[in-house]
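Next come the chains, spelled out residue by residue.
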Amino acid sequence: MKPQPDQPVNIVGAGLAGALLAVMLAKRGFSIRLFERRPDPRRSESERGRSINLALSTRGIHALTAAGLWQQMQNIIIPMQGEIDSMNVSVAAAILIFEAKRQRVF
């Protein structure tokens, strides 16, 4: 499939998968429209009783490397015992979206 400038790709859900997909497609030249139902967690009150953490696996590291974002992520992860690294989901999603906007891929 070739990018069509007049036909943006709509992605519903700006979580990790949606944000990563947006970055990857934008790097291939696609115009992206990213939709998220929830407000930006950095600018709104947190949802009552909701705590989100992420364990990042080798597959996730490979995906972030392919998107060119792994080096930046290494600066914010909190190592866990064993072979797992962890970061807050909202922070990771925000970084992906920020990087995509910085590179003007949206």
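These numbers come from a predicted model, not from an experiment. (Residues numbered from 1 in each chain as written. Predicted model: local features only at pLDDT ≥ 70, side-chain atom pairs only at ≥ 80, totals over all residues. Heavy atoms only, no water.)

Undergrad: How do you make sense of the nonpolar core when you look at a structure like this?
TA: Side chains of nonpolar character tend, in soluble globular proteins, to be buried together. Of all hydrophobic cores here, the largest spans 9 residues; its members are Leu 20, Val 23, Leu 56, Leu 64, Ala 67, Leu 69, Trp 70, Met 73 and Ile 77. Of all elements in the fold, only helix H1 (16-27) and helix H3 (70-74) reach the threshold of two or more residues within this core. Within the second largest apolar cluster, 6 residues are counted, among which are Ile 11, Ala 22, Leu 25 and Ile 32. (Core = buried A, V, L, I, M, F, W, Y, C linked by side-chain atoms within 4.5 Å. Buried < 20%, exposed > 50% of the residue type's maximum accessible area, 1.4 Å probe, protein only. Helix = DSSP H or I, 4+ residues; strand = E, 2+ residues; numbered from the N terminus.)

Undergrad: Help me out: how do you make sense of H1 in this one?
TA: A turn of α-helix holds 3.6 residues, and therefore any two residues three or four places apart point the same way. Given a rise of 1.5 Å per residue, 12 residues ought to cover 16 Å, and the 17 Å separating the end C-alpha atoms of H1 matches this to within 8%. For H1, the complete set of buried residues consists of Gly 18, Ala 19, Leu 20, Ala 22, Val 23, Leu 25 and Ala 26. Backbone geometry just downstream of H1 places Gly 29 in the positive-phi region, at approximately 100°. (Expected span 1.5 Å × (residues − 1).)

Undergrad: Help me understand the environment of Pro 8 in this model?
TA: Note on placement: Pro 8 falls in the segment before strand S1 (9-12). C-alpha separation for the pair Pro 8 and Ser 31, spaced 23 residues apart in sequence, amounts to 4.6 Å. Non-local contacts of Pro 8, meaning those with residues more than four positions away in its chain, are made with Ser 31, Ile 32 and Arg 33. (Contact = heavy atoms within 4.5 Å.)

That is the geometry; function is a separate question.
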